[in-house]
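A look at the structure
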Amino acid sequence: GHDVTVLTRNMARAKELSAPVKLITDLDQLPDDTKLDAIVSLAGHPIASGLWTAKHRRKVMLSRLHMNRRLRKLVDRLEIKPEVFLNASAIGVYGIHQDQPVNESHVITADGSFSNRSCAAVEHEACKMQSLGVRTINLRIGLVLDLAGGPLGQMLVPFDLGAGGRLGSGQQWMSWISRDDLVRLIDHCIGDTTITGPVNATAPTPVQNKTYAKALGRAMHRPALIPLPALVLEKGLQDFAKELFLGSQNILPIAALQSGFVFVHPTIDMAFASMFGASNSGPVKQLNPAPVL
């Protein structure tokens, strides 16, 4: 039921969107009297589009910073301000915490990692939108499960060939969310005017990498017995592997749960069953973990 305006760099790809949308390639194409109820910024140079060279990291960070600045400039000139601004951040802002559960109340400190540094900088820039009277949300997104691409899409080929398995020790925690739940959470945040600040976009049941690998193998009816050694990952992908594949992040979506959001896919088996059309063991009760310090 929403009227959607899409800012895109790729008109051909955007035209494939199923819903009727208005396509623009520059924010200057929007006149000052444009009425926008909500702005959702998912823009930015892809994090996983190559090795984390200095040039690549610069593109990742600056593309997001510049977009938030352009959006703030747009809102400043609009005659009617939007009610809410959602900025796509990531759970990398928390850094690496091993087994320790972390929620939105965690105080962000610098740990030297690129994910931590870049996410913190982008969130700081996004929060400047508040000075214009706009409710601002930093959506800290975890691993998004989507067969069409992303980390899951990249893992399908080795698993389909029977060569899948855990990464490194498999002990590292993975905080994930299905693509459908992510879209539903974005809509929920737009509609609930009490939600502001950081919101973890992760399912309520993080899993260790070894559990993730076994669940994916079950859903694909393939073995998950061939591990990929950490040394190989670190040598080939360096910091990218250390932070995104081998780093442990046990993140809980306390803000979403306390606002009444209900996950359609609260467990990894339910998410994979939905994606691969596999049968699951039955309904799973919505999990509401208690807040952690």
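Up top is the structure.
My aim in this report is to walk through the structure given alongside it, one point at a time.

Reading the values: rules and limits
- Residues numbered from 1 in each chain as written.
- Predicted model: local features only at pLDDT ≥ 70, side-chain atom pairs only at ≥ 80, totals over all residues.
- Heavy atoms only, no water.
- Pairing = 2+ DSSP bridges.
- Helix = DSSP H or I, 4+ residues; strand = E, 2+ residues; numbered from the N terminus.
- Axes fitted to C-alpha atoms, helices over the stretch in contact; angles between N-to-C directions.
- Contact = heavy atoms within 4.5 Å.
- Phe/Tyr/Trp six-rings, centres within 6.5 Å; stacked < 30°, edge-to-face > 60°.
- Buried < 20%, exposed > 50% of the residue type's maximum accessible area, 1.4 Å probe, protein only.
- 1 Å grid on protein atoms, 1.4 Å probe; cavity = no way out; pocket = protein on both sides within 12 Å on 5 of 7 lines; lining within 4 Å.
- Points joined across faces, edges and corners; volume = space filled by probe spheres on them.
- Nonpolar A, V, L, I, M, F, W, Y, C, P; charged D, E, K, R; others polar.
- Salt bridge = Lys/Arg side-chain N within 4 Å of Asp/Glu carboxyl O.
- Parallel < 35°, antiparallel > 145°, perpendicular 65-115°, else oblique.

**Here's the deal with the sheet that holds strand β4 (residues 84-90)**
Either a parallel or an antiparallel arrangement is found when strands of a sheet pair, and the pairing is made through backbone hydrogen bonds. Here four strands make up an open sheet; going across it, the order is β3-β4-β6-β10 and the pairing parallel. Each having just a single partner strand, β3 (38-41) and β10 (197-201) make up the two edges of the open sheet. Each neighbouring strand pair of the sheet contributes to a mean axis angle of 20 degrees, computed without reference to strand direction. Both β3 and β4 contribute to a ladder of four bridges, which runs parallel. Pairing of S41 across the sheet is with N87, part of β4. Sitting on the sheet, helix α5 (residues 179-191) touches β3, β4, β6 (135-141) and β10, and the angle it makes with β6 is about 165 degrees.

**Comments concerning the packing of aromatic side chains**
Going through the model one piece at a time under the given rule, you end up with six aromatic pairs. Residues W52 and F240 carry aromatic rings whose centres are separated by 5.4 Å and whose planes lie at 80 degrees to one another, so their mutual orientation is edge-to-face. Here F240 lies in helix α8 (residues 239-245) and W52 lies in the loop between β3 and α2 (54-77), a separation of 188 residues in the sequence. Using a relative accessible area of 7% as the deciding quantity, one classes F240 as buried. Plain terms: the ring middles of Y212 and F272 are 5.5 Å apart, the flat faces sit at 65 degrees to each other, and that makes the pair edge-to-face. Of this pair, Y212 sits in helix α6 (residues 209-220) while F272 sits in helix α10 (residues 268-276), placing them 60 residues apart in sequence. The exposure classification of Y212 matches that of F272, with both residues buried. Here a set of aromatic residues connected by ring pairs shows up, and it is made of W52, F114, F240 and F245.

**Here's the deal with empty space enclosed by the protein**
Under the definition given, this model contains one cavity of 30 Å³ or more. Its volume calculated, the largest cavity comes out at about 40 Å³. Lining the largest cavity are G92, G95, I96, S113, S115, N116, E243, L244 and Q249. Residue assignment for the lining of the largest cavity shows that the elements contributing at least two residues are α3 (114-126) and α8.

**Here we look at the layout of surface pockets**
Estimates place the volume of the second largest pocket at around 270 Å³. Q154, M155, P158, L167 and L228 are, among the 16 residues lining the second largest pocket, the residues nearest its centre. Elements supplying a minimum of two residues to the lining of the second largest pocket: α4 (150-160) and α7 (230-237). A per-element tally of the lining of the second largest pocket places α4 first, with five residues. In the lining of the second largest pocket, the residues fall into 12 nonpolar, three polar and one charged.

**Focus on the pattern of salt bridges**
If the charged atoms of two oppositely charged side chains come close together, the side chains can form a pair. The tally for this structure, following the rule as stated, stands at 12 salt bridges. For R179, the salt bridge is made with D146, and the minimal N-O distance between the two is 3.6 Å. One end of the pair, R179, is in helix α5; the other, D146, is in the loop between β7 (143-145) and α4, with 33 residues separating them in the sequence. By relative accessible area, which is 43% here, R179 ends up partly exposed. R218 is paired through a salt bridge with D269; the nearest N and O atoms lie 2.8 Å apart. With a gap of 51 residues between them, R218 in helix α6 and D269 in helix α10 connect regions that are remote in the sequence. Classification of D269 as partly exposed rests on a relative accessible area of 37%.

**Some details on unusual backbone geometry**
Positive phi outside glycine occurs at H221, with the angle close to 55 degrees. Looking at the element boundaries, H221 is found in the loop between α6 and α7. Look at Q238: it is not a glycine, yet its phi comes out positive at around 55 degrees. For Q238, the location among the structural elements is in the loop between α7 and α8.

**Some details on the packing of α2 against α3**
Two measures define how a pair of helices packs: the angle their axes make with one another and the distance between the axes. For the pair α2 and α3, the least separation of the axes is 9 Å and the interaxial angle reads 10 degrees. With respect to their mutual orientation, α2 and α3 come out roughly parallel. For the pair α2 and α3, the contacting residues are R57, V60, M61, R64, L65, N68, R69 and R72 in the first and F114, R117, S118, A121, V122, E125 and A126 in the second. When its residues are assigned to classes, the contact of α2 with α3 shows seven nonpolar, two polar and six charged.

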